[in-house]
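# Architecture at a glance
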Amino acid sequence: MRNILTLAGKEMQLYFISPIAYVVATVFLAVSDYIFYSQVQFYSGFSLQARQMQGNLPQLNIHDAVFRPTFLNMSVILLLIMPLLTMRLFAEEKKGHTSELLMTSPLSITEIVMGKFVAVLWIYFLLLVMTLHMPLILSIVTDISWKPLFASYLGLFLMGGVFLSMGLFASALTENQIIAAVISFGILIGLWLIGVSAHNTGETPLGQFANYLSMMDHLDNFVKGLIGTRDLCYFISMTVFGLFLTHRVVESQRWK
Amino acid sequence: MIEVSHLSKRYGDIVAIDDVTFSVDRGQILAFLGPNGAGKTTTMRILTCFMPATSGSATVAGYDIFESPMEIKRRIGYLPENPPVYLEMTVVEYLRFVAKIKGLSGRGIKTGLDSALEKCTLGHVSGRLIGNLSRGYRQRVGLAQALIHNPDVLILDEPTVGLDPKQIIEIRELIKALAGEHTIILSTHILPEATAVSQKVVIINRGKIVAVDSQERLSAQVRKSEKVSFRVRRKEALVPQKILAISGVHQVIPQEADKGEGAYIVESDVGRDIREDLSRTIVTNGWGLLEMKPLVLSLEEVFLELTTQEKDVEAASFSAASHQATEENQ
Ligand SMILES: Nc1ncnc2c1ncn2[C@@H]1O[C@H](COP(=O)(O)OP(=O)(O)OP(=O)(O)O)[C@@H](O)[C@H]1O
Ligand SMILES: [Mg+2]
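To keep things clear, this report deals only with the structure shown in the data block. Computed from a predicted model, the values in this text were never measured in an experiment.

Here we take up the overall build of chain B. A count of helical and extended segments in chain B gives 12 helices and 14 strands. Taken over 330 residues, chain B has a buried fraction of 49%. Intrachain contacts of chain B at a sequence separation of at least 6 include 69% that bridge at least 24 residues. Counting every atom, chain B has about 15500 Å² of accessible surface; 50% of that belongs to carbon and sulfur.

Right, here's the structure in full:
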């Protein structure tokens, strides 16, 4: 445990020194804010219309109208930028020969993998915290329901775990950061698109399985405000699977 | 302290090391001497449990490399071929991190850090980013990293590479001072370095051990002359005498040969190739040349590659000494 924290601490330090985390955070927050702003604008226009027509339009709740589309769009942006956070984790160690230090120190591979994962998960957590200004601003002018908001953030956080563990795996495969990023884009987009095709294959067992593998529906449940065991299990087991793969790759590289 | 027996490592078809066996006693310094690609780094990586061997076994500090790698990792300090440093960290931040992952805590970190900084004379750059340090200083940070937890065994892969001549001498002195308390294996492809620092030299070439010996015994084996053997159809009494007349030749040793034929080994000055003169003499005298070949023992062959000039270092050691002398005079 102590070792994991030491390793995570070093990893965070390197994140804060390098510009990449700042660039990623800035782009992410700028785009998210823009999406949020346009959803709010759309919503206020819509509710103005609704008032003029004196309730003839169905009442739209603010969570479904503003936060749900914002978070769903945000998840796509995350899919595109998270590989940039994870790409350096193992690739850089190998390229800079520091992997020889880690692998000849009394550290287990699990500790090395977890140290990196904990660090990048913490960075991601900070990123999500920084988006809290959206509901906070909105809560000044209107009533918002915090419960589905909490579920949404939990969903985003868990989905991030999957993104990061897959990115970690990709980074362990190569010493080239660009290749690592491209591989993790591949994996994440695959996990995303499998849902799109699943909608087409319908109710066959294969289609259902593909549906289960797809991230989109699981995230949507959280974002709707539903915390279901099925979705929890999905995200956690996918994360563990990614970490397991990473462990195997790091282990097997000793034998090359 | 370190026992290596019949260790082999293959990368696919490439045999990096082949049946390597040697041992190091507690407190000794062993130099691993070999030209580029000999398998020095590979052997060290196996001993540090960075990667497993294909076959054979080894124990370090009493622990088997396959069975208890964790115990070994706790007891070794390793300076890899390329110093394993984070360029974005300062020297102190980096060494503190290393101390922690080596298992030090609390006051241990502080003492380890201070002594490592002092031993490697890094005090004045301790707050600088490693990325801004020169190659030689990075190498010293790498060395400090290997020393910080005061390990029983030090494995140093070409510790003086990239240092200037004055620093080379300092680091060699440091390594010599560390022996006794620590058991040390270091690699080098410079013969004078191996003999200057260590009690025991293992010479490795193309993955195979060519010689294991103390440095005095090895030096005695280094050739003092060039040897050529030849065979002629007609043995004549005049042969040795005529060949001795060739300039540079100092000895002709007759060998056993088939009936009527003559076989000899000719010793001549080092660095002088007498084969052309030799063949001309044989042909003009009509002895009937059957065979001629230079005699090169594999050990000598390796030494030939290893005996690189070390003028720089000698010059620096001289100027350092004279510098000191002038300071004392003032
Ligand atoms: N990862 C690898 N894959 C394939 N072959 C390798 C690998 N690492 C080393 N080798 C080969 O193994 C042999 C021994 O290499 P090694 O690095 O141990 O030599 P060395 O004695 O350290 O040489 P140098 O003095 O250049 O550092 C070389 O022929 C090298 O090409
Ligand atoms: Mg080497």
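Here the narrative resumes.
Right, let's get into the sheet that holds strand 14 (residues 289-295) of chain B. Residues and elements named next belong to chain B. Strand order across the open sheet formed by four strands is 12-13-11-14, with antiparallel pairing between neighbours. Both outer strands of the open sheet, strand 12 (249-255) and strand 14, are each paired with one neighbouring strand and no more. When the angles between neighbouring strand axes are averaged without regard to direction, this sheet yields 20°. Taken together, the six bridges between strand 12 and strand 13 (residues 262-268) define a ladder with antiparallel strand orientation.

What follows covers the coordination of the magnesium ion (ligand 2). The textbook angles at a metal center are 109.5 degrees for a tetrahedron of four donors and 90 or 180 degrees for an octahedron of six. The protein atoms donating to the magnesium ion (ligand 2) are T41 of chain B (OG1) and E81 of chain B (OE), with metal-donor distances spanning 1.9 to 2.1 Å. In this pair, T41 of chain B is assigned in helix 1 (residues 40-47) and E81 of chain B in the loop between strand 6 (76-79) and helix 3 (91-101), connecting sequence segments 40 residues apart.

This part takes up the environment of H133 of chain A. Residues and elements named next belong to chain A. Tracing the chain through its elements places H133 in helix 7 (residues 133-141). Residue H133 is classed as partly exposed on the basis of its relative accessible area of 27%. Distance in space between the C-alpha atoms of H133 and D33 is 9.4 Å, their sequence separation being 100 residues.

All right, on to a nonpolar patch on the surface then. Residue and element names in this part refer to chain A. Together, W122, F125, V129, L132, L136 and W146 line one region of the surface with nonpolar side chains, adding up to about 550 Å² of accessible area. Sort the elements by how many residues they give to the nonpolar patch and helix 6 (residues 109-130) lands first, with three residues. Tracing the sequence through the fold places W146 in helix 8 (residues 146-173). Judged by its relative accessible area of 44%, W146 falls in the partly exposed class.

So, on to the interface of chain A and chain B. When the parts of a complex come together, some accessible area is lost, and that lost area is often taken as the interface size. On the side of chain B, 32 residues touch chain A, which itself brings 26 residues to the contact. Summed over both sides, the interface between chain A and chain B buries roughly 2600 Å², with carbon and sulfur atoms accounting for 62% of that surface. Counting across the chain A and chain B interface gives one salt bridge. As a salt-bridge pair, R45 of chain B and E100 of chain A come within 3.1 Å of each other at their nearest N and O atoms. In this assembly, chain A and chain B are joined by 10 residue pairs in polar contact (both at pLDDT 80 or more). When residues of the side of chain A that touches chain B are assigned to their parent elements, the largest contribution, eight residues, is made by helix 1 (residues 2-17) of chain A. Taken together, the residues that form the side of chain A that touches chain B break down as nine nonpolar, 10 polar and seven charged.

All names here are of chain B. Every residue close to ligand 1 is listed here: Y11, I14, A16, N36, G37, A38, G39, K40, T41, T42, E81 and E158. At a separation of 2.8 Å, an oxygen atom of ligand 1 approaches a polar backbone atom of G37. Within the side chain of E81, an N or O atom sits 2.5 Å from an oxygen atom of ligand 1. In isolation ligand 1 offers 640 Å² of accessible surface; the protein chains occlude 65% of this area. When residues of the shell around ligand 1 are traced back to their parent elements, those giving at least two are strand 2 (14-24) and helix 1. Among the elements that line the shell around ligand 1, the one with the most residues is helix 1, at three residues. Here the shell around ligand 1 is built from residues that sort into four nonpolar, five polar and three charged.

Attention shifts here to the packing of helix 8 of chain A against helix 12 (residues 229-253) of chain A. For any two helices packed against each other, the geometry comes down to the angle between their axes and how far apart the axes lie. All names here are of chain A. Contact geometry for helix 8 and helix 12: axes closest at 8 Å, N-to-C directions at 15°. Judged by the angle between their axes, helix 8 and helix 12 are roughly parallel. Considering only the axes of helix 8 and helix 12, their crossing is left-handed.

Moving on to the pairing of strand 8 (residues 183-188) of chain B. Residue and element names in this part refer to chain B. Of all six residues in strand 8, six are buried, a share of seventy percent or more. Of the two faces of strand 8, both are covered, the one formed by T183, I185 and S187 as well as the one formed by I184, L186 and T188. When strand 3 (residues 29-33) meets strand 8, the two strands line up parallel, connected through five bridges. Considered in strand 8, the bridge of L33 is made with T188. The pairing of strand 7 (residues 153-157) with strand 8 spans five bridges and is parallel. Note on strand 8: the bridge partner recorded for L156 is L186. Note on the crossover from strand 7 through helix 6 (residues 165-178) to strand 8: the handedness is right-handed.

Residue and element names in this part refer to chain A. The tally for this structure, following the rule as stated, stands at 12 aromatic pairs over all chains. For the pair F36 and F67, a centre-to-centre distance of 6.0 Å together with 25° between the ring planes defines the contact as stacked. With F36 in helix 2 (residues 19-52) and F67 in helix 3 (residues 62-86), this pair connects stretches of sequence that are 31 residues apart. Summarising the burial analysis for this pair, F36 and F67 share the class buried.

Right, let's get into the sheet that holds strand 4 (residues 55-60) of chain B. Residues and elements named next belong to chain B. Within the open sheet, the four strands sit side by side as 2-1-4-5. Their pairing is antiparallel. Strand pairing shows two members of the sheet lacking a second neighbour, strand 2 and strand 5 (63-64), which therefore form its edges. Sheet topology note: the strand 4/strand 5 ladder contains two bridges and is antiparallel. Paired with T59 across the strands is D64, a residue of strand 5.

Residue and element names in this part refer to chain B. For A61, which is not glycine, the phi torsion reads 55° and is therefore positive. For A61, the position within the fold is in the loop between strand 4 and strand 5. Even without a glycine there, the phi angle at E158 is positive, about 45°. The topology assignment puts E158 in the loop between strand 7 and helix 6.

Here is what the cut-offs are and how they apply
- Residues numbered from 1 in each chain as written.
- Chains lettered and ligands numbered in written order.
- Predicted model: local features only at pLDDT ≥ 70, side-chain atom pairs only at ≥ 80, totals over all residues.
- Heavy atoms only, no water.
- Helix = DSSP H or I, 4+ residues; strand = E, 2+ residues; numbered from the N terminus.
- Buried < 20%, exposed > 50% of the residue type's maximum accessible area, 1.4 Å probe, protein only.
- Contact = heavy atoms within 4.5 Å.
- Areas by Shrake-Rupley, 256 points an atom, 1.4 Å probe, with all protein chains shown as cover.
- Pairing = 2+ DSSP bridges.
- Axes fitted to C-alpha atoms, helices over the stretch in contact; angles between N-to-C directions.
- Donors = N, O, S within 2.8 Å, 3.2 Å for Na, K, Ca; no water.
- Patch = residues over 30% accessible without salt bridge, like charges linked within 9 Å, V, L, I, M, F, W, Y side chains within 5 Å.
- Salt bridge = Lys/Arg side-chain N within 4 Å of Asp/Glu carboxyl O.
- Buried area = accessible area lost by both parts, 1.4 Å probe.
- Polar contact = N/O pair within 3.5 Å; in protein donor to acceptor, adjacent residues only side chain to side chain.
- Nonpolar A, V, L, I, M, F, W, Y, C, P; charged D, E, K, R; others polar.
- Near = heavy atom within 4 Å.
- Parallel < 35°, antiparallel > 145°, perpendicular 65-115°, else oblique.
- Left-handed = near helix turned anticlockwise from the far one by under 90°.
- Right-handed = clockwise from strand over helix to strand, strands pointing away.
- Phe/Tyr/Trp six-rings, centres within 6.5 Å; stacked < 30°, edge-to-face > 60°.

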